[in-house]
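# Working through the structure, step by step
Chain residues, written in single-letter form:
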Amino acid sequence: MPSARLLVLFGSQTGTAQDVSERLGREARRRQLSCRVQALDSYPVVNLINEPLVIFVCATTGQGDPPDNMKSFWRFIFRRSLPSTALCQMDFAVLGLGDSSYTKFNFIAKKLHRRLLQLGGSALLPVCLGDDQHELGPDAAIDPWLQDLWEKVLGPHPVPLNLDLGPPGVPWPSKFTLQFLKDTPSLDPEELCVARTDPQGPPSELQPFLAPMVSNQRVTGPSHFQDVRLIEFDVSDSGISFAAGDVVLIQPENMASHVQQFCQALGLDPEQHFTLQPREPGVACPARLPQPCSMRRLVSQYLDIASVPRRSFFELLACLSPHELEREKLREFSSAQGQEELCEYCTRPRRTVLEVLCDFPHTAAAVPPDYLLDLVPLIRPRAFSIASSLRVREEGQPRGAGGQAGGPAGQGAHCPLPQAHPSRLQILVAVVQYRTRLREPRRGLCSSWLASLDPAQGPVRVPLWVRSGGLTFPKMPDVPVIMVGPGTGVAPFRAAIQERVAQGETGNVLFFGCRRRDQDFYWEAEWKQLQARGCLTLVTAFSREQEQKMYVQHRLRALGPLVWELLDGRGAHFYLAGNAKYMPANVCDTLLSIFREEGGLSGPDAAAYLAQLQRTLRFQTETWA
């Protein structure tokens, strides 16, 4: 088996698949294999026929969708014109990353594995199914799979390992070098800003729109355990357009106090400016990073020092450490045998990059600035379901109403929507804060940053852009929709209901659940007004208002005949959004029960009926851990 040339191709949405791929590359080089690591869409896919050995590392997103940086590859590899012998010279293995709380767990990896076999490829191993829900994370599946992989690749007589990638204590070369400037650039800070208030073309990750924040209002009661915000942005003249089911991506920043603490721990001057240079040809600098850039800006807007570090972080930190005791502990954390201890130290209590560096002060003080971008991942944008529709006029009358309410424009013209605005984008944000055994509470980076912004104290601008979401609503008229959205899961359904009512659609059924009607009943007045006007059927479940807890699945079951009639009799679409932990499985179990009891289906037939709804996109979910 050829083993001198190894290609690792990844499709990554949040950075985990890329991190795993880079780990694969390091392990391959330790085994004296020539290895390239590339994003799938940056690789010329027609060259795949000449590759002897390829490892695919693929995440699954949304409703079983490929990540953005492998969508072109995905379309190509499933062309019907490709011959069944196209990849007959290629040995391959597929490593999947997913979340078992989703119905289509690791769908992309499984489907790619089958397709590569169809094209004549030879599988070295069964597909690896990494699971975010496992207590040890994806590594629980990845570690033993990689051990088997190297045995297959290298055969019964593996080459000697070069575990230190060079002389003892010397890490692998950094991707970039930082060239520090003697003088501070005389550029205005706004000139260095990558985001613009007037972007050319639709805003994107490379050029987000600096949207003015119009309002930032807490919408939960003062005694409620969680701070939930309704935040509104002005997207006038931005080129942004969106529909129900779309999401807005927001690029957050680190807290100023954390930035200062990080710079102190590593001995960095926040005001020092630098330019970034790749060490190897063909390696691009981070696209959003301005050149030159200050250290303060790098740390505050680019380095995710509030993230929980991955195993590779400890591996590199051990190589960089000059302190014997700290280095020994870091090596233990990065070893396969030390994963339970690493989980106890870092993963379970959600210890951050910054906190780990403070726990290893001698090592942190010795980290060369060149390694900052190898050591700390970049801040990833956070996605929020859009909770408003552009189809609604500010005065609350649906666009295209054609005059007076109830006029000839259609049945939806009599359903005004208060608190809806044109050229405005609204999101519902649960501010993440919880306690672990660590002294400081854990805080979500983006939600806490957004909650700290107060437009009443002065202008606030937030970098954002929009992309298609995982929910698509029926375009055919008169198709009813059943929406189950407990808590902040109701956000995308508010946009959908606004949009559908503006188009004259009244077959809207919303199951909403929360703890108490006086504490976290989001948009109560709006729902009740739409219900009174015949535009909405609202079903509520307040879990803490009676001795026996009541959840959305209980209300679904109680209205089983209505649910079955809408689905089977009227071709309704069913949507589910919210926390992934228990609710999606409970709702699915309830639906199967309804299919059996109201539809008279057997157990297997009920399961097949639900699967058919999923295949035809009449059952869609948007859940998060």
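Residues numbered from 1 in each chain as written. Predicted model: local features only at pLDDT ≥ 70, side-chain atom pairs only at ≥ 80, totals over all residues. Heavy atoms only, no water.

Naming follows an unreviewed UniProt entry, where the protein chain appears as NADPH-dependent diflavin oxidoreductase 1 of Moschus moschiferus. The UniProt entry for the protein chain carries this comment under Subcellular location (unreviewed entry): "Cytoplasm, Perinuclear region". Quoted verbatim from the Subunit (unreviewed entry) field of the UniProt record, the comment on the protein chain reads "Interacts with CIAPIN1; as part of the cytosolic iron-sulfur (Fe-S) protein assembly (CIA) machinery. Interacts with DCPS." (UniProt positions renumbered as here; feature names shortened; annotations may be inferred.)

### With respect to the nonpolar core
Within soluble globular proteins, side chains that are nonpolar tend to cluster in buried spots. Membership of the largest hydrophobic core comes to 41 residues, with the highest contact counts inside it found for F262, L298, L303 and F314. Look past the residues within four positions of L298 in its chain and what remains in contact with it is F274, L289, C293, L303 and L372. (Core = buried A, V, L, I, M, F, W, Y, C linked by side-chain atoms within 4.5 Å. Buried < 20%, exposed > 50% of the residue type's maximum accessible area, 1.4 Å probe, protein only. Contact = heavy atoms within 4.5 Å.)

### A closer look at helix α19 (residues 603–615)
Here α19 contains 13 residues, and its C-alpha end-to-end distance of 19 Å stays within 8% of the 18 Å for a straight helix at 1.5 Å per residue. Within α19, the full set of buried residues consists of A606, Y609, L610, L613 and Q614. The buried residues of α19 occupy an angular sector of 140° when projected down its axis, which confines them to one face. Counted as exposed and oriented over 90 degrees from the buried face of α19: P604 and R615. As for α19, its buried residues are in contact with α17 (560–570), α18 (583–597) and β22 (619–624). Directly after α19, the chain includes L617, whose backbone phi takes a positive value near 60°. (Helix = DSSP H or I, 4+ residues; strand = E, 2+ residues; numbered from the N terminus. Expected span 1.5 Å × (residues − 1). Arc of directions from axis to C-beta.)

### A few points about the sheet that holds strand β10 (residues 247–250)
Strand order in the open sheet formed by 6 strands is β13-β10-β17-β8-β9-β14, and the pairing between neighbours is antiparallel. In the strand order of this sheet, the two ends are held by β13 (382–385) and β14 (424–430), each with one partner. Strand-to-strand, the axes of this sheet are offset by a mean angle of 40°, without reference to chain direction. When strand β9 (residues 228–234) meets β14, the two strands line up antiparallel, connected through 7 bridges. Residue F233 lies in a different strand from β14, and its bridge partner there is L425. (Pairing = 2+ DSSP bridges. Axes fitted to C-alpha atoms, helices over the stretch in contact; angles between N-to-C directions.)

### Digging into helix α13 (residues 445–452)
Counting buried positions along α13 yields 7 of 8 residues, so the element is predominantly enclosed. Every buried residue of α13 is listed here: L445, C446, S447, S448, W449, L450 and A451.

### Details of the packing of α18 against α19
Look at α18 against α19: their axes get within 9 Å of each other, and the N-to-C directions meet at 120°. When the axis of α18 is compared with that of α19, the two are oblique. Crossing hand, α18 versus α19: right-handed. Note on element contacts: α19 touches α18 through G603, A606, A607, Y609, L610 and L613, opposite C588, L591, L592, F595 and R596. (Parallel < 35°, antiparallel > 145°, perpendicular 65-115°, else oblique. Left-handed = near helix turned anticlockwise from the far one by under 90°.)

### Observations regarding the environment of V45
If you trace the backbone, V45 turns up in the loop between β2 (34–39) and β3 (53–59). V45 sits in the buried class, given a relative accessible area of 16%. In the structure, V45 is positioned 32 residues away from I77 in sequence and 8.4 Å away in space, judged by C-alpha atoms. Look past the residues within four positions of V45 in its chain and what remains in contact with it is F73 and F76.

### Quick word on the pairing of strand β8 (residues 209–218)
Here β8 runs beside strand β17 (residues 461–467); their pairing, made up of 4 bridges, is antiparallel. In the sheet register, A211 faces β17, and the bridge partner there is V462. As defined by bridge partners, β8 adjoins β9 across 5 bridges and the pair is classed as antiparallel. Pairing of N216 across the sheet is with I231, part of β9.

### Regarding the pattern of salt bridges
Counting across every chain of the model gives 28 salt bridges. R229 serves as the salt-bridge partner of D227, at 2.8 Å between the closest nitrogen and oxygen. Its relative accessible area of 15% is what places R229 among the buried residues. One salt bridge connects R557 with E598, and the closest N-O pair in it is separated by 3.7 Å. Here R557, found in helix α16 (residues 552–558), pairs with E598, found in the loop between α18 and α19; they are 41 residues apart in sequence, far enough to count as distant. Residue R557 is classed as partly exposed on the basis of its relative accessible area of 23%. A single network of salt bridges, built from pairs that share partners, joins R23, E27, R31, D139, D143 and R311. (Salt bridge = Lys/Arg side-chain N within 4 Å of Asp/Glu carboxyl O.)

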